[in-house]
Structure formats: C-alpha cells, structure tokens
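Chain by chain, the residues run as shown.
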Amino acid sequence: FRQSKMYAAGVTCTDCHDPHALKPPPGNGACAKCHLPAKFDAAEHHHHKPDGKGALCVSCHMPTRNYMVVDARHDHGFKVPRPDLTGIIGTPNACSSCARKVRV
C-alpha cells in the first residue's frame with residue numbers, strides 16, 4: 001500500500017475501511033467516496049454486467065493474491081490493469097487472469 005498512488009495522495013486505511021469492523025462498505029462504496037460512480041461504476045469502464053462480481057472495483061484494481069502461501073487477500077497496490085502490456089511483453093493483469101470471462 002505504501003508504494004501505491006493512493007498512499008501518495010494521502011489515503012489512509014480508515015478512508016476505505018470502517019475503523020471498528022475493519023471492513024469496507026459493500027459494493028463499490030469505498031471507491032465511490034473519491035471516484036465518480038457515474039464514470040467508473042459503469043459498464044463502459046469495467047466491461048462487466050452491473051451488480052456482478054466483475055463490476056466491483058476490487059476485482060480489477062485489487063485482485064486477490066495468495067500471501068504466505070495460504071492467506072488470500074486483496075492486493076492493496078491499486079494497479080491499473082494493462083492488457084496491452086500482456087500482449088506486448090506477457091505481463092499478467094486482472095483482465096487476463098480473471099476467472100469471470102462474462103463481459104457486457
């Protein structure tokens with residue numbers, strides 16, 4: 001997280017996570033606090049059916065990774081998926097590794 005643009009912009013854990021429950025709000029609520037839902041919570045942006053798992057911001061910008069072999073958690077690097085780089089140099093991205101191939 002400390003290497004992300006979010007951290008550099010001054011975002012802290014409690015901007016996204018409830019300080020008492022340690023969980024973010026459901027859906028895209030945490031992201032919608034700063035990012036315009038009309039622009040980013042739209043099929044034109046995420047290319048998935050609305051209200052599906054593919055439409056969640058975390059699906060693309062915080063894909064689940066296994067840490068310590070067995071501890072699956074969302075990557076807090078907030079990376080922008082780059083399918084163009086996958087085609088050029090073979091780097092993985094959320095689009096190519098997504099098990100949900102259902103798109104709008």
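Structural data are supplied above this passage.
Residues numbered from 1 in each chain as written. Predicted model: local features only at pLDDT ≥ 70, side-chain atom pairs only at ≥ 80, totals over all residues. Heavy atoms only, no water.

Undergrad: Help me understand the pairing of strand S2 (residues 71-74), please; the structure alone is not making it clear to me.
TA: For a regular strand, side-chain orientation follows a simple rule: the groups alternate between the two sheet faces. Pairing of strand S1 (residues 64-67) with S2, which is carried by four bridges, proceeds in the antiparallel orientation. Across the sheet, the residue bridging to Tyr 67 is Asp 71, located in S2. The turn linking S1 back onto S2 is made up of three residues, and Met 68 within it adopts a positive phi angle of 55 degrees. (Pairing = 2+ DSSP bridges. Helix = DSSP H or I, 4+ residues; strand = E, 2+ residues; numbered from the N terminus.)

Undergrad: What should I look at first to understand the environment of Pro 63 in this one?
TA: The residue Pro 63 is located in the loop between helix H6 (57-61) and S1 in this model. In this structure Pro 63 comes out as buried when scored by relative accessible area, which is 15%. With near-sequence residues (within four places) excluded, Pro 63 lies in contact with Val 58, Arg 73, His 74 and Asp 75. (Buried < 20%, exposed > 50% of the residue type's maximum accessible area, 1.4 Å probe, protein only. Contact = heavy atoms within 4.5 Å.)

Undergrad: Explain the layout of surface pockets to me, please; I cannot follow it from the model alone.
TA: Empty pockets left among the atoms are what a rolling probe the size of a water molecule brings to light. Looking at the second largest pocket, its volume works out to about 200 Å³. Surrounding the second largest pocket, 15 residues form its lining, Arg 65, Lys 79, Val 80, Pro 92 and Asn 93 being those nearest its centre. Residues that form the lining of the second largest pocket fall into these classes: seven nonpolar, four polar and four charged. (1 Å grid on protein atoms, 1.4 Å probe; cavity = no way out; pocket = protein on both sides within 12 Å on 5 of 7 lines; lining within 4 Å. Points joined across faces, edges and corners; volume = space filled by probe spheres on them. Nonpolar A, V, L, I, M, F, W, Y, C, P; charged D, E, K, R; others polar.)

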